[in-house]
Amino acid sequence: MPAITFIHPDGKSDRIETSGGESVMQAATRHGLDGILAECGGNAMCATCHVYVDESWLARLPAVADDEDALLDGAAAERLPNSRLSCQINITPELDGLVLRLPDRQV
């Protein structure tokens, strides 16, 4: 099972075990992780699952799609070059160990 580490703005970290075939957002909400609101349920319509991908993992993810790109422009927290919507990151065995930082706010 791939594991993902989420780092909160205060530096606290949560490591969760995930299942293949789900998105990072689904895994986070299934584990009750604070900091991922997912108001649209993963339909890429709200940007309340915004995360910052650790730089060492960026090249392993698929490119940002146009709809995700547009939503990230309206995210509540600052958009950075490593910003992604966690609903658009599908978990694969290759992502075992993925590190994501949570923004200071989602709304």
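Predicted, not measured: the structure shown is a model, and the values here were computed from it.

Once that is clear, we can look at the nonpolar core. Core analysis: the largest hydrophobic core is formed by 30 residues, its most contacted members being I4, F6, V24, I36 and L100. Contributing elements (two or more residues each) for this core: β1 (3–7), α1 (24–30), β3 (50–53), α2 (66–73) and β5 (98–101). Among the elements that line this core, the one with the most residues is α1, at four residues. When residues no more than four places from it in sequence are discounted, the contact partners of I36 are M25, A28, T29, T48, C49, H50, V51, S86, L102 and Q106.

Next up on the list: the packing of aromatic side chains. With the rule as written, the count across this model stands at zero aromatic pairs. The residue whose ring lies beneath R60 is W57, and the NZ or CZ to ring-centre distance is 3.9 Å.

Below, the discussion takes up the pairing of strand β2 (residues 13–17). One ladder, built from five bridges, connects β1 with β2; its direction is antiparallel. By the bridge assignment, I7 is partnered in β2 with S13. Hairpin remark: β1 followed by β2, antiparallel, with five residues in the connecting loop; positive phi at G11, about 95 degrees.

Rules and cut-offs
- Residues numbered from 1 in each chain as written.
- Predicted model: local features only at pLDDT ≥ 70, side-chain atom pairs only at ≥ 80, totals over all residues.
- Heavy atoms only, no water.
- Core = buried A, V, L, I, M, F, W, Y, C linked by side-chain atoms within 4.5 Å.
- Buried < 20%, exposed > 50% of the residue type's maximum accessible area, 1.4 Å probe, protein only.
- Helix = DSSP H or I, 4+ residues; strand = E, 2+ residues; numbered from the N terminus.
- Contact = heavy atoms within 4.5 Å.
- Phe/Tyr/Trp six-rings, centres within 6.5 Å; stacked < 30°, edge-to-face > 60°.
- Lys NZ or Arg CZ within 6 Å of the ring centre and 35° of its normal.
- Pairing = 2+ DSSP bridges.

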